[in-house]
Amino acid sequence: MSEERERKTDGRRSWLDDPKTVRKIVLALFVLCGVLFFADGFYEKHSHFGVEDVFGFYALYGFVMCVVLVIGAKLMRAFLMRGEDYYDRDR
Amino acid sequence: MTAIASINPGLILILGALPIPLLPQAIRRLYLLALPALGFAAVYQLEPGTLVTMEAFGMTLELLQVDRLSLVWGYIFNIAAFLGFLFAWHDRDAVQQISAMIYAGAAIAAVFAGDLVTLFIYWELTGISSVFLIWASRTDAAYRCGMRYLLIQVSSGVILLSGTVAWYMLTGSIDFTHIGVDSLAGKLILLAFGIKCAFPLLHNWLQDSYPEATVTGTVILSAFTTKLAVYALARGFAGTEVLIYIGAVMAIFPVFYALIENDLRRLLAYALNNQLGFMVVGVGVGTELALNGTAAQAFSHILYKGLLFMTMGAVLFRTGTCKASELGGLFKSMPWTAGFCIIGAASMAFPLFAGFVSKSMIITAVAVEHHSMIWGALLFASVGVFLTCGLKLPYFTFFGQDSGHRVKEAPWNMLAAMGLTAFLCVFIGCYPAVLYDILPYPVDYKPYTSYHVIQQLQIMMFTALAFVILLTFRIFPTDSKSTNLDSDWFYRKAGPWAAKRLLGALGAMGKSIESALTQATTNTITVIKRHHGPEGMMAKTLHLSSMVVWVVAFLAFILLMDFVRGL
């Protein structure tokens, strides 16, 4: 299987194909998110709404909304997804 | 006033398009780039406040009206046309070249139209000229799609015309100033603008047609029609409250569709729809900050959305597909395109890129007016659009599962167009003053405060974090070959189905009416035949004696009546 894959990609591997690199990138993302989250304690907020003063509000909002969006979209698929040729079938 | 300062700059492109087929290919390419450059120069030397009028049919047509609002669109439309033609440098199809040039010219001319009748003419011209960019795909699907597109675009124009007539009856003027939704005329004109602006439920022509156009056609299409509609809304309906809610819905629902869409150009069309939502909210809020935000957002949006459409166009050009399920791992073959795609994605929201300095103006304007729900909705929408365009699109195209495509990097002209657009995105992000200086109102807004930058980075990076986690746990929707039902289902499935049923029912009804009539006629003939036919009673020859009996009986009856009356 992996040989076939190797042939399919004609052996051109890049540093991004290495699982180690991917792991490093993900780790970097986690660290960055942590830093950004705790950065909230170190500057003055000019908020318009009370909710903005919650510690790490924007971080939490971004994360939660992203999950809500993905789950919502997956549920939508159950109702809205049709075959690729849906509109051509009657022709 | 010099001669060039008194003509509508759009006409340079429209009239300039006519000799295109006569020029040899080598000259033609330069000519195609020269026209928008000339157009830009013509816009640049226009003075706000210029007004050129003409009397016709007892009305005053304002062929050229310049103010700071129209200038923003004048600049960016010419830039977009230049970048679009650079991207299409390799293309030798004269039909596309002429129609794209007329289309861009009509959009520019419409922006500088000072009255509703002139606006209507250019409004229709954008629709009619642009359909050729869809038909130029020369497939059956594109032909049918173009027909749907044309029908909707022309309808928008017809509604605009009826609104204009009603507005003229009401006010006695065709001047294109603030209109508002209080009158029927205002509602009609809003509907016409709303169709082109892809309001919810009026939106589906956009996602239907843009992915069917040619590689270069979609890039051109993405810049003009919808942003022209945003301009028209900003001029006619600034501060109309209902637009805030329409815009919020518009910003939210397309991201759900974008997330499950497999055709990446259609994904971009949904994301475009979402970005228009931000601008419509800005128009609805209607404060100086909000309208500045709308204009700035239109400007940078044309650039970064154009850039994203260019990268997908380049992918389609090289691999022959634009479906997420058939792509992946392309960064090895097309590293430059991948890089430009990432810049386009970052330009939507990241600090130091164009979208950050413009979109945040609209969100701030909403917050300043204390529309808390709308503010939350717009934040949600920016999370959504970053997730779909900024993460899903580059990941599934250039990274992720390797699809095995081993293609050449995009041609030099595409790279040049993408590079130039990417440069502009970064330039505006780093030097927002350049953009802020041309906005309609004086700008008192600082995008780069620590609060803004950190909150934006928090949103974006945590969205990325959620993306990675959802992807790892296989919760993120996989790309699968599919069609997702949207409002076009009503006119592509339900409508034809209902029409077929209705015609069938009418046919059956017609048949039964016909047979009932035949039956009735036959019955009448039978009755007549029975009484008047050869054997019928009325056709009998009677004996003289019986005749006499009847006459006597009749006379007796009269006598009796006379007697009764005399009593």
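Residues numbered from 1 in each chain as written. Chains lettered and ligands numbered in written order. Predicted model: local features only at pLDDT ≥ 70, side-chain atom pairs only at ≥ 80, totals over all residues. Heavy atoms only, no water.

Caption draft 1: Structural view of the domain arrangement of chain A. Residues and elements named next belong to chain A. Once the domains are mapped, chain A shows domain 1 (1-43) and domain 2 (45-91). Together domain 1 and domain 2 conceal approximately 490 Å² of surface at their shared face, both sides included; 72% is due to carbon and sulfur atoms. On the surface where domain 1 and domain 2 come into contact, there are zero salt bridges. For the pair domain 1 and domain 2, the number of links is one residue pair in polar contact (both at pLDDT 80 or more). Split by residue class, the side of domain 1 that touches domain 2 holds three nonpolar, one polar and one charged. (Domains from an automatic or database assignment. Buried area = accessible area lost by both parts, 1.4 Å probe. Salt bridge = Lys/Arg side-chain N within 4 Å of Asp/Glu carboxyl O. Polar contact = N/O pair within 3.5 Å; in protein donor to acceptor, adjacent residues only side chain to side chain. Nonpolar A, V, L, I, M, F, W, Y, C, P; charged D, E, K, R; others polar.)

Caption draft 2: Fine view of the side chain of B:Gln65. All names here are of chain B. Structurally, the position occupied by Gln65 is in strand E2 (residues 59-65). Reaching out from Gln65, the side chain makes a polar contact with the side chain of Arg235 at a distance of 3.5 Å. Contact partners of Gln65, with chain neighbours within four places excluded, come to Thr50, Leu51, Ser70, Phe112, Ala113, Gly114 and Arg235. (Helix = DSSP H or I, 4+ residues; strand = E, 2+ residues; numbered from the N terminus. Contact = heavy atoms within 4.5 Å.)

Caption draft 3: Summary view of helix H4 (residues 94-111) of chain B. Residues and elements named next belong to chain B. Look at H4: 26 Å from first C-alpha to last across 18 residues, which is about the 26 Å you get at 1.5 Å a residue. With respect to burial, H4 is a largely interior element, 15 of its 18 residues being buried. One side-chain oxygen at the N-terminal end of H4 lies 3.1 Å from the backbone nitrogen of Val95; it belongs to Asp93. (Expected span 1.5 Å × (residues − 1). Buried < 20%, exposed > 50% of the residue type's maximum accessible area, 1.4 Å probe, protein only.)

Caption draft 4: Here's a closer look at the pattern of salt bridges. Residues and elements named next belong to chain B. Applying the stated criterion across every chain yields a total of nine salt bridges over all chains. Residue Asp488 pairs with Arg492 through a salt bridge whose shortest N-O separation is 3.1 Å. Of the two residues, Asp488 and Arg492 are both situated in helix H19 (residues 488-532); the distance of four residues between them amounts to about one turn of the helix. The buried category is assigned to Asp488, whose relative accessible area is 6%. Overlapping salt bridges, with partners in common, bring together Arg148, Asp208, Asp488 and Arg492 in one network.

Caption draft 5: Representation of the packing of helix H13 (residues 335-346) of chain B against helix H16 (residues 412-430) of chain B in the model. All names here are of chain B. Contact pair H13 / H16: the axes reach a minimum separation of 10 Å and the direction vectors enclose 30°. Classed by the angle they form, the pair H13 and H16 counts as roughly parallel. Considering the relative orientation of H13 and H16, their crossing is left-handed. Taken together, the residues of H16 that come into contact with H13 (itself represented by Trp336, Thr337, Phe340 and Ile343) are Leu415, Met418, Gly419, Ala422 and Val426. In terms of residue class, the contact of H13 with H16 is made up of seven nonpolar, two polar and no charged. (Axes fitted to C-alpha atoms, helices over the stretch in contact; angles between N-to-C directions. Parallel < 35°, antiparallel > 145°, perpendicular 65-115°, else oblique. Left-handed = near helix turned anticlockwise from the far one by under 90°.)

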